[in-house]
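Given next are the chains, with one letter for each unit.
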Amino acid sequence: MPILVETLGEFAQKRPFDGVTLGFRLHLEPKTAVLIEALMAGGARVIAMGNEGTTQFGTAEVLLDIGCEVLDRPGQGSEATAANLAQIASAEPQLILDNGAELIVACLRNSRVPLGATEETTSGAFRLREEHVGEVGFPVIVINDSPLKAIVENKHGVGESVVDTIGRVTNMSLHKKRVAVYGYGWCGRGIALYAERRGADVTVLELDPTKALEAAMDGFDVADASHVPVDANVVITATGRAGVVDLAAIQQLRDGVLLANAGHIDTEIDVEALEQSAPGVELSQSLTRHELPNGKTVFCIADGKIVNLAAYGGIGNPIEAMDLGLTLQARSLAALVAPDCGLEAGPQPVPAAVNDQIATAMLRSMSQPF
Ligand SMILES: NC(=O)c1ccc[n+]([C@@H]2O[C@H](COP(=O)([O-])OP(=O)(O)OC[C@H]3O[C@@H](n4cnc5c(N)ncnc54)[C@H](O)[C@@H]3O)[C@@H](O)[C@H]2O)c1
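Since we're looking at a predicted model, the values are computed, not measured.

Trainee: Tell me about unusual backbone geometry, residues and numbers included.
Mentor: Although it is not a glycine, Ala101 sits at a positive phi angle of roughly 75 degrees. Secondary-structure assignment places Ala101 in the loop between β4 (95–98) and α5 (102–106). Taking the relative accessible area as the measure of exposure, Ala101 reaches 0% and is therefore buried. At Lys176, a residue that is not glycine, the phi angle is positive and equals roughly 60 degrees. If you trace the backbone, Lys176 turns up in the loop between α7 (147–170) and β7 (178–182).

Trainee: Outline the domain arrangement of the chain, listing residues and values.
Mentor: Interfaces are often described in size by the accessible area the parts lose on coming together. Each assigned domain of the chain is listed here: domain 1 (2–145 + 318–365) and domain 2 (152–310). Its C-alpha centre places domain 1 at a distance of 34 Å from the equivalent point of domain 2. Of the residues lining the interface, four residues belong to domain 1; the matching set on domain 2 comes to four residues. The junction of domain 1 with domain 2 conceals about 410 Å² of combined surface from both sides, 72% of it contributed by carbon and sulfur atoms. Across the domain 1-domain 2 interface, the total number found is zero salt bridges. Counting every contact that joins domain 1 to domain 2 gives zero residue pairs in polar contact (both at pLDDT 80 or more).

Trainee: Account for the sheet that holds β4, naming residues and giving values.
Mentor: If you trace the seven strands from one edge of the open sheet to the other, you get β3-β2-β1-β4-β5-β6-β15, paired in parallel fashion. In the strand order of this sheet, the two ends are held by β3 (69–70) and β15 (346–349), each with one partner. Across four bridges, strand β6 (residues 139–142) lies against β15 in parallel orientation. Residue Ile141 lies in a different strand from β15, and its bridge partner there is Gln348. Seen against the sheet, helix α4 (residues 79–90) touches β1 (21–25) and β2 (45–49) and runs at an angle of roughly 165 degrees to β2.

Trainee: Mind laying out the site of the ligand, listing which residues take part and the relevant values?
Mentor: Taken together, 22 residues are adjacent to the ligand, and Cys187, Glu206, Lys211, His264 and Asn308 come closest. Between an oxygen atom of the ligand and a main-chain N or O atom of Trp186, the distance comes to 3.2 Å. Taking Glu206, its side chain carries an N or O atom lying 2.5 Å from an oxygen atom of the ligand. Starting from 860 Å² of accessible surface for the ligand in isolation, the protein chains cover 79%. Contributions of two or more residues to the shell around the ligand are made by α7, α8 (186–197) and β8 (201–206). Its residues placed into classes, the shell around the ligand shows ten nonpolar, eight polar and four charged.

Trainee: An account of a negative patch on the surface is requested, with residue identities and associated values reported.
Mentor: On the surface, Asp266, Glu275, Glu282 and Asp303 cluster together to form a negatively charged patch. Residue placement: Glu275 occurs in helix α11 (residues 271–277). Looking at Glu275, the relative accessible area reads 32%, which means it is partly exposed.

Trainee: Before we move on, can you summarise the sheet that holds strand β12 (residues 281–284) with the specific residues and values?
Mentor: Sheet architecture is open: eight strands sit in the order β9-β8-β7-β10-β11-β14-β13-β12, paired in mixed fashion. Every other strand in the sheet has two partners, leaving β9 (221–224) and β12 as the edge strands with one partner each. The mean inter-strand angle of the sheet, taken between neighbouring strand axes irrespective of direction, is 25 degrees. Alignment of strand β11 (residues 257–261) against strand β14 (residues 297–301), held across three bridges, turns out to be parallel. For Leu259, the partnering residue across the bridge sits in β14 and is Cys300.

Trainee: Quick rundown of the nonpolar core? Include the residues and the values.
Mentor: Generally speaking, soluble globular proteins have nonpolar side chains that are buried together. Counting 46 residues, the largest nonpolar core has Phe17, Phe24, Leu35, Ile36, Leu39 and Val46 as its most contacted members. A per-element tally of this core places helix α13 (residues 319–337) first, with ten residues. Among residues more than four places away in sequence, those in contact with Ile36 are Phe24, Leu28, Val46, Ala48, Leu63 and Cys68. The next biggest cluster of nonpolar side chains, apart from the first, holds 30 residues, and it includes Val163, Val179, Val202 and Ala238.

Trainee: Got a sec to walk through helix α1 (residues 2–14)? Specific residues and values, please.
Mentor: For α1, which comprises 13 residues, the first-to-last C-alpha distance of 18 Å matches the rise-based estimate of 18 Å (1.5 Å per residue) to within 8%. Of all the positions in α1, only Ile3, Leu4, Thr7, Leu8 and Phe11 are classed as buried. The buried residues of α1 occupy an angular sector of 145 degrees when projected down its axis, which confines them to one face. Considering only its buried residues, α1 is in contact with α2 (30–41), α13 and α14 (352–365).

Definitions and cut-offs
Residues numbered from 1 in each chain as written. Predicted model: local features only at pLDDT ≥ 70, side-chain atom pairs only at ≥ 80, totals over all residues. Heavy atoms only, no water. Helix = DSSP H or I, 4+ residues; strand = E, 2+ residues; numbered from the N terminus. Buried < 20%, exposed > 50% of the residue type's maximum accessible area, 1.4 Å probe, protein only. Domains from an automatic or database assignment. Contact = heavy atoms within 4.5 Å. Buried area = accessible area lost by both parts, 1.4 Å probe. Salt bridge = Lys/Arg side-chain N within 4 Å of Asp/Glu carboxyl O. Polar contact = N/O pair within 3.5 Å; in protein donor to acceptor, adjacent residues only side chain to side chain. Pairing = 2+ DSSP bridges. Axes fitted to C-alpha atoms, helices over the stretch in contact; angles between N-to-C directions. Near = heavy atom within 4 Å. Areas by Shrake-Rupley, 256 points an atom, 1.4 Å probe, with all protein chains shown as cover. Nonpolar A, V, L, I, M, F, W, Y, C, P; charged D, E, K, R; others polar. Patch = residues over 30% accessible without salt bridge, like charges linked within 9 Å, V, L, I, M, F, W, Y side chains within 5 Å. Lys, Arg positive; Asp, Glu negative; His and termini not counted. Charge placed at Lys NZ, Arg CZ, Asp CG, Glu CD. Core = buried A, V, L, I, M, F, W, Y, C linked by side-chain atoms within 4.5 Å. Expected span 1.5 Å × (residues − 1). Arc of directions from axis to C-beta.

Structure (structure tokens):
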């Protein structure tokens, strides 16, 4: 994680967080531990908890050893979450790093108003904008809305890891295969691009005519989302919506088609109806074969769950994308304590200067003379 480690070195010299207590809520695993190390190198006292069920206790032990106050304990149930949130809030942190806005909300009534917060997710920002309008008296930088994240993580990270995972689980080459991609948002763009790079012919299915036009201009075949891609060897969904590929569509697909989903919800492809119509036979840990009553065979990866994470051995986005995303966190927190911060209260995008600084650092880490 070269750009985060470079940031750590700079923080160790400049100590931007001296005297600052920082409440940290993000999955506690080896990569986020490097972020915590960077914040502590910059002088912060860090009190940390993960999101439910995501804490890796080996990592938590390492963090405890370096002086981070980790609240999660093995075997704790969901009832511990509220207590841990309250414990961090009672420390009246000046900075908050959150993933879902629960910690920010827990600190809204603190007598010491925080200097600022970062929120990892767009859904957490929605929560603050809709349920807590006018209540957030400090700046909240929304990391997921950074264009850098959309490009490096959602487009290239997801695109590369989804196509890699499908290749690994099936051992199938994509050359001259027809791959149908539902959705041409950030993830769909990347999946279409990496499938094409592996030699596939790609059809994009979209609801939004502007996105469909973009896909056509990018060189892909395009169809309206109501069209069933009957010639596809592989169908991948990336829309974030339920019921995109229903049983009626599955029945019309070609014999031997492979289904995979890259969206966060596991109902984009109606695997439940498929399973009822044609119970799956497990071929490997992440691959099932379904013999439809109409005589066709359908293969499905990871029961329609988010393929690059849920399929056997799925490790999600490449490390470079995490390096970028966590450096956005680190530098946004530093911007919040800078003497010339000048940010207004409420949810807002990552400051342009932070995006520019990190884009330049990542280009340098890629040996590009920028
Ligand atoms: N696999 C991963 O690691 C990973 C990472 C980030 C996001 N995601 C998830 O991937 C999904 C897509 O994310 P995104 O950032 O590309 O979203 P996005 O909003 O940028 O794009 C979604 C696209 O799907 C289109 N769409 C909606 N319904 C459709 C339908 N029925 N048929 C065809 N197109 C349809 C929309 O018009 C839009 O262009 C979300 O569920 C997101 O949470 C997955």
